[in-house]
Amino acid sequence: MNRAILSAQRAGEILAAAAKTRVLVVGDVMLDQFIWGHVARISPEAPVPVVDFERESFMPGGASNVARNLTALHVATEIFGVIGDDPAAKQLKTLLAEQKVGCEGLVGNPSRHTSVKTRIVAHKQQVVRIDRETRGGLDAKLTGQLLDVIKSKLDGADAVIIGDYGKGVVTQSLLNEMKPLCHDRGIWLSLDPKPVHDLNLSSLSLITPNRKEAFELAKLPDDTRNHNPLADKNLMQTAERLLNELRPAVLLITLGELGMLLCQRGKKPFHIPTVAQEVFDVSGAGDTVIATFSLAIAAGASPVEAAILSNHAAGIVVGKIGTATTSPEELLKSFS
């Protein structure tokens, strides 16, 4: 049914148009480190597995993973955030430059650590994660510096994506400035929310909570489950409350193995079943969803078309290990 709504030809037209757009990403940037190995024994010192090191890899994470998802689909992309004055910052900028992400909007500050998440993976399973980061909110001076850089690059942008990962860059004062700046210029404004971070998320173009985050934002209990999301009374109530209270143009609730729920005021919710064939790693899938949805809207797609395209993109990346991206060729192939 969804393939009939969005054909491979139309998906190709959207991706071709997206390659002529420009998207800005604002938020908590981080460096993802993966240490790969295998486990053959338990430590004699403590009841923990001993991981024999095989290799390590690094990639941009958080809001910078949103940015690399955009450039992987050939969208001109610039990133804005705050980094430390440390080796991780240099490594992150090098990786982003390799993936053609503009890094002039990364503001350096020696009093903050560049966020680094170290994941130790053995036999395709994450054993443990170590986080090194500064979580405190930006002060007024640093927020002002960041906003000045964003304002200098905002004209001519087709969409702005705000990635809030609770590391302090996305504050209420930043949001209060970003909303009118984008609204006055007719720029689509997407946000991936972190409910533990109590912010006023009203009047955005798009918010993309997962199920847990949606219930937290609506302050409702999640005590019903139905394989058909449209028959899940609590989920429907949560969606209605978020639409009425926050008034986004589009609410897209990601539901893991059940796909996505697209909600707009005055329209019936639209369920999009997952297209994932195999799920190896869901880390970063939300980044892929918000990136693909936003670039599709910037390229002239309808919300339904954008949701179906982002669902296909998410279905591809969860079949890969680690935070991953998809190419236009892979994405188009998934429609055949």
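Quick notes on the rules
- Note on numbering: residues in each chain are counted from 1, in written sequence order.
- Confidence filtering applies because this is a predicted model: local features only for residues at pLDDT of at least 70, side-chain atom pairs given and counted only at 80 or more, and all residues used for totals across whole chains, interfaces and linings.
- The basis for every side-chain value is the complete set of non-hydrogen atoms in the structure, without hydrogens or water.
- The helix count covers DSSP runs of H or I at least four residues long, the strand count covers runs of E at least two residues long, and both are numbered beginning at the N terminus.
- For every residue, the accessible area (1.4 Å probe, protein chains only) is compared with the maximum for its type, and the residue is labelled buried under 20%, exposed over 50%, or partly exposed between those bounds.
- By the convention used here, residues are in contact when the closest approach between their heavy atoms is within 4.5 Å.
- The accessible surface values rely on the Shrake-Rupley method and a 1.4 Å probe; as for residues, cover is taken only from the protein chains in view.
- Here Asp and Glu are counted as negative and Lys and Arg as positive; His is not counted, and neither are the chain ends.
- Charge positions come from single atoms, namely NZ of Lys, CZ of Arg, CG of Asp or CD of Glu.
- With a 1 Å grid laid over protein atoms only, a set of points is called a cavity when a 1.4 Å probe fits there but cannot get out and a pocket when it is open yet has protein on both sides within 12 Å along at least five of seven lines; lining residues have an atom within 4 Å of a point.
- Grid points are joined across faces, edges and corners, and a volume is the space filled by probe spheres set on the points.
- Ten residue types, Ala, Val, Leu, Ile, Met, Phe, Trp, Tyr, Cys and Pro, are classed as nonpolar, four, Asp, Glu, Lys and Arg, as charged, and the remainder, Gly among them, as polar.
- Only when DSSP finds a minimum of two bridges between them are two strands counted as paired.
- Patches here: salt-bridge-free residues with over 30% relative accessible area, like charges joined within 9 Å, nonpolar side chains (Val, Leu, Ile, Met, Phe, Trp, Tyr) joined within 5 Å.
- Each salt bridge in this description consists of a side-chain nitrogen of Lys or Arg and a carboxyl oxygen of Asp or Glu lying within 4 Å of one another.
- Whether two aromatic rings pair depends on their centres lying within 6.5 Å, for rings of Phe, Tyr and Trp, where Trp uses its six-membered ring; planes under 30 degrees apart make the pair stacked, over 60 edge-to-face, and the rest tilted.
- Under this scheme, a helix contributes an axis fitted over its contacting stretch, all axes are lines through C-alpha atoms, and angles between N-to-C directions fall in the 0 to 180 degree range.
- Among buried residues, the Ala, Val, Leu, Ile, Met, Phe, Trp, Tyr and Cys ones that are joined through side-chain atoms within 4.5 Å form a nonpolar core.

Chemist: Can you lay out the overall build of the chain for me, pointing to particular residues and giving the numbers?
Modeler: In terms of regular secondary structure, the chain is built from 11 helices and 13 strands. Per-residue burial for the chain yields a buried fraction of 56% across its 336 residues. Of all intrachain contacts in the chain linking residues separated by at least 6 positions in sequence, the fraction that spans at least 24 positions is 68%. Surface summary for the chain: the accessible area is close to 14900 Å², and the carbon and sulfur share equals 52%. Placing the 36 positive and 37 negative side-chain charges of the chain at their respective mean positions leaves the two points 2 Å apart.

Chemist: I'd like to hear about empty space enclosed by the protein, residue by residue, with values.
Modeler: On inspection of all chains with the given rule, the structure shows one cavity of 30 Å³ or more. Roughly 70 Å³ of internal volume is contained in the largest cavity. In this structure, the largest cavity is lined by D28, V29, V82, R112, H113, T114, S115, T134, K167 and V169. Looking at side-chain class alone, the lining of the largest cavity contains three nonpolar, four polar and three charged residues.

Chemist: So what's going on with the pairing of strand β4 (residues 76–83)? Residues and values would help.
Modeler: Across the eight residues that make up β4, a large majority, seven, are buried. Strand direction decides the pairing type here: strand β1 (residues 22–27) and β4, joined by five bridges, are parallel. Note that in β4 the partner of L24 across the bridge is E78. Pairing of β4 with strand β5 (residues 101–108), which is carried by six bridges, proceeds in the parallel orientation. By the bridge assignment for β5, F80 is matched with G105.

Chemist: Outline unusual backbone geometry, listing residues and values.
Modeler: Not every positive phi belongs to a glycine, and K100 is a case in point at roughly 65 degrees. If you trace the backbone, K100 turns up in the loop between α4 (87–98) and β5. Phi at R247 is positive, roughly 50 degrees, even though this residue is not glycine. Summarising the element assignment, R247 is placed in the loop between α8 (233–246) and β11 (250–254). Of the residues examined, R247 reaches a relative accessible area of 46% and is grouped as partly exposed.

Chemist: Give me the lowdown on a nonpolar patch on the surface, citing residues and values where you can.
Modeler: A cluster of nonpolar residues, V127, V128 and I130, forms a patch on the protein surface that exposes about 210 Å² of accessible area. Note that I130 resides in strand β7 (residues 125–132). Looking at I130, the relative accessible area reads 41%, which means it is partly exposed.

Chemist: Lay out the packing of aromatic side chains in plain terms, naming residues and giving numbers.
Modeler: The full count for this structure, using the stated rule, is one aromatic pair. Pairing F34 with W36 gives two aromatic rings, centres 5.6 Å apart and planes at 20 degrees, and the pair type is stacked.

Chemist: Let's hear about the environment of S310: which residues, and what values?
Modeler: Along the chain, the position of S310 falls in helix α10 (residues 303–317). Look at S310 and you get buried, because its relative accessible area is 0%. Ignoring sequence-local partners within four residues, the contact set of S310 consists of L252, M260, V289, T292 and F293.

Chemist: How would you sum up the sheet that holds strand β9 (residues 188–192)? Please name residues and give values.
Modeler: Read from one edge of the open sheet, nine strands run β5-β4-β1-β8-β9-β10-β11-β12-β13, paired in mixed fashion. The sheet is open, and its two borders are formed by β5 and β13 (270–272), each paired with just one other strand. The pairing of β9 with strand β10 (residues 206–207) spans two bridges and is classified as parallel. By the bridge assignment, L191 is partnered in β10 with I207.

Chemist: Report on the sheet that holds strand β2 (residues 29–42), specifying residues and quantitative values.
Modeler: In space, the four strands of this open sheet follow the order β3-β2-β6-β7, with mixed pairing throughout. Single-partner strands in this sheet number two, and they are β3 (49–62) and β7. When the angles between neighbouring strand axes are averaged without regard to direction, this sheet yields 20 degrees. As defined by bridge partners, β2 adjoins strand β6 (residues 115–122) across eight bridges and the pair is classed as parallel. Bridging from a neighbouring strand, Q33 pairs with T118 of β6. Across the face of the sheet, helix α3 (residues 63–72) comes into contact with β2 and β3 while running at roughly 70 degrees to β3.

Chemist: Now, about the nonpolar core: what can you tell me, with residues and values included?
Modeler: Within the largest apolar cluster, 56 residues are counted, with the highest numbers of intra-cluster contacts made by V66, L70, I79, L252, L262, F293 and L309. Beyond its immediate stretch of four places on either side in the chain, I79 contacts V25, V29, A63, S64, A67, L96, V101, G102, C103, G105 and L106. Core analysis: the second largest hydrophobic core is formed by 44 residues, L147, V170, L246 and L251 among them.

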